[in-house]
Amino acid sequence: MGKIWKWSFIAALSGFLFGFDTVVISGADKTLQNLWNSSDVFHGLVVMGMALWGTLMGALLGGLPTNKLGRRKTLILVGILFLVSAVGSALVHDPVSFAVFRFIGGLGVGASTIAAPAYISEIAPAKHRGRLVGMYQFNIVFGILMAFLSNYLMGQFGNGAWRWMLGIEAIPAVIFTALAFTIPKSPRWSALYLENSGNTNTETELAHAIEQINDLKNYPYGQNGDLVLEENIFLKKYRFPLLLAFLIAFFNQFSGINAFLYYAPRIFEEAGMGQNTALFSSIGIGVTNLICTLVGIQLIDKIGRKILMYIGSIGYIISLSAVSLAFLYGWGGPTVVMLLLVFIGAHAISQGTVIWVFISEIFPNHLRASGQAFGSSVHWILAAIIPSMIPILFTSVGAAPVFGFFAVMMFLQLLFVLFLMPETKGVSLESMTALAIRRPRLGILSHKKI
């Protein structure tokens, strides 16, 4: 198990770059808009939003290298993309070039959400899978915290501080890329593509995986051992896991989480705080996110995915409703900060911990990268659209209706968890075929393990 933890941790470090890259831009948000005199629409859709459109493209296309090149080589490519983005965006002098390099970083984010969870889930024993894949989410929130902290420290350096905020990401990008060369290929990917893996000591579970792969009743292989290309996630028999991947990604973004993380300092300023105080308050958000993610990771293999989602949904509804009222009645910055700490805690312990674990589990081995790409694409389509609209919505309708809408969406998420979401805790990846070919009856099997 020691090697598996080590390899999982290295793969999960791509999550650190994901989190850092996604949030570091928040510290340069208003500075860049003022520097280039951008309109709210151009700033939201191009300067701030281009990284998210790159993430969407990375999510849409990331399944191709993850399948063809393998999980390991794709992770190496991810590290290179982050490195190019960090150096390039720190050195540019115009918004278009800036947007191009942010787009490249977005490609890395999108591809990492496919390759890293798929790799970790495929080397992890079932009883530890939630915790191991959860390390990816832990690294995301650790990266977010470090980005908030870095922005606060770099923010003291004046108008050119934004270049240091963005450029410093090159250091962890180099470290991750170097470490990615040291991990082995995923044994399940190697077996699926009929390659020899030198690291097949994942106990009886891997042996069972290889046995199942050669069983024509469970896997779509022809007589010559080639993968049947007609098999895809959009076949009728896979519509239930496809629906699950869509809904959990949909509700993840309609919590407002990425909109909040991208614009945390702006939201705090909207609540009446000064710029430096807003940046410092963002660090508190990062710390809360990290602590609650650790709690979620510790609980996910003990109490399961559904219970965490119940807890989070209720926390979302309460905190988002209260934040909406706080903006409506002008309760003040400190109150908004406390309520948003509850919101970020609810997210971290539930959706934040569960989403990448759950999507990486619910598809059969030969379709995992494609299923991961689908769920990740839904996630990032919405993550590109929703945050891009925040400057416009705050100006036109105000913060209170926006947070009120997110609260309503989280009530709908609670219904999804209650009636549709199955429990996958402790189920081997090979047994997930049962989920792919049948849909639990509402209110009965959805409360049990598949």
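In what follows, the structure referred to is the one given above.
The shown structure was predicted, so the numbers you read here are calculated from the model rather than taken from an experiment.

Colleague: I tried to follow the nonpolar core on my own but got confused; where do I start?
Modeller: Generally speaking, soluble globular proteins have nonpolar side chains that are buried together. The biggest cluster of nonpolar side chains holds 125 residues, and the ones touching the most others in it are F98, F260, L340, W380, F403 and F416. Broken down by element, this core gets its largest block of residues, 12 residues, from helix α1 (residues 2-24). Beyond its immediate stretch of four places on either side in the chain, F416 contacts L244, L247, I248, F251 and M421.

Colleague: Is there a simple way to explain the packing of α1 against helix α10 (residues 170-180) in this structure?
Modeller: For any two helices packed against each other, the geometry is given by the interaxial angle and the distance between the axes. Closest axis-to-axis distance for the α1/α10 pair is 9 Å, and the angle between their directions is 160°. With respect to each other, α1 and α10 are oriented roughly antiparallel. Pair α1 / α10 crosses with left-handed handedness. Contacts between α1 and α10 involve I10, A11, L13, S14, F16 and L17 from the former and P172, A173, F176, L179 and A180 from the latter. Of the residues assigned to the contact of α1 with α10, the class counts are 10 nonpolar, one polar and no charged.

Colleague: Teacher, can you tell me more about helix α17 (residues 305-329) here?
Modeller: Turn by turn, an α-helix covers 3.6 residues, leaving residues three or four places apart pointing in a common direction. Look at α17: 36 Å from first C-alpha to last across 25 residues, which is about the 36 Å you get at 1.5 Å a residue. Backbone geometry just downstream of α17 places G330 in the positive-phi region, at approximately 65°.

Colleague: How should I be thinking about the environment of I144 in this particular structure?
Modeller: Tracing the backbone through its elements, the reader meets I144 in helix α8 (residues 129-154). Look at I144 and you get buried, because its relative accessible area is 5%. Remark: the alpha-carbon pair of I144 and L17, spanning 127 residues in sequence, is separated by 8.9 Å. Those residues in contact with I144, other than ones at most four positions away along the chain, are G19, F20, V23, L261 and N289.

Colleague: What is the right way to read the pattern of salt bridges from this model?
Modeller: A side chain with one charge can pair with a side chain of the opposite charge if their charged atoms come near. A complete count under the given rule lists six salt bridges for this structure. One salt bridge in this structure joins R71 and E122, with 2.6 Å as the shortest N-O distance. Of this pair, R71 sits in helix α6 (residues 71-91) while E122 sits in helix α7 (residues 95-123), and the two are 51 residues apart along the sequence. For the salt bridge of E361 with R129, the shortest nitrogen-to-oxygen distance reads 3.1 Å. Taken as a pair, E361 in helix α19 (residues 351-361) and R129 in helix α8 lie far apart in primary sequence, 232 residues in all. Looking at E361, the relative accessible area reads 0%, which means it is buried. For R129, a relative accessible area of 0% corresponds to the buried category. Several salt bridges converge on common partners, so that one network encompasses R129, D301, R305 and E361.

Thresholds applied
- Residues numbered from 1 in each chain as written.
- Predicted model: local features only at pLDDT ≥ 70, side-chain atom pairs only at ≥ 80, totals over all residues.
- Heavy atoms only, no water.
- Core = buried A, V, L, I, M, F, W, Y, C linked by side-chain atoms within 4.5 Å.
- Buried < 20%, exposed > 50% of the residue type's maximum accessible area, 1.4 Å probe, protein only.
- Helix = DSSP H or I, 4+ residues; strand = E, 2+ residues; numbered from the N terminus.
- Contact = heavy atoms within 4.5 Å.
- Axes fitted to C-alpha atoms, helices over the stretch in contact; angles between N-to-C directions.
- Parallel < 35°, antiparallel > 145°, perpendicular 65-115°, else oblique.
- Left-handed = near helix turned anticlockwise from the far one by under 90°.
- Nonpolar A, V, L, I, M, F, W, Y, C, P; charged D, E, K, R; others polar.
- Expected span 1.5 Å × (residues − 1).
- Salt bridge = Lys/Arg side-chain N within 4 Å of Asp/Glu carboxyl O.

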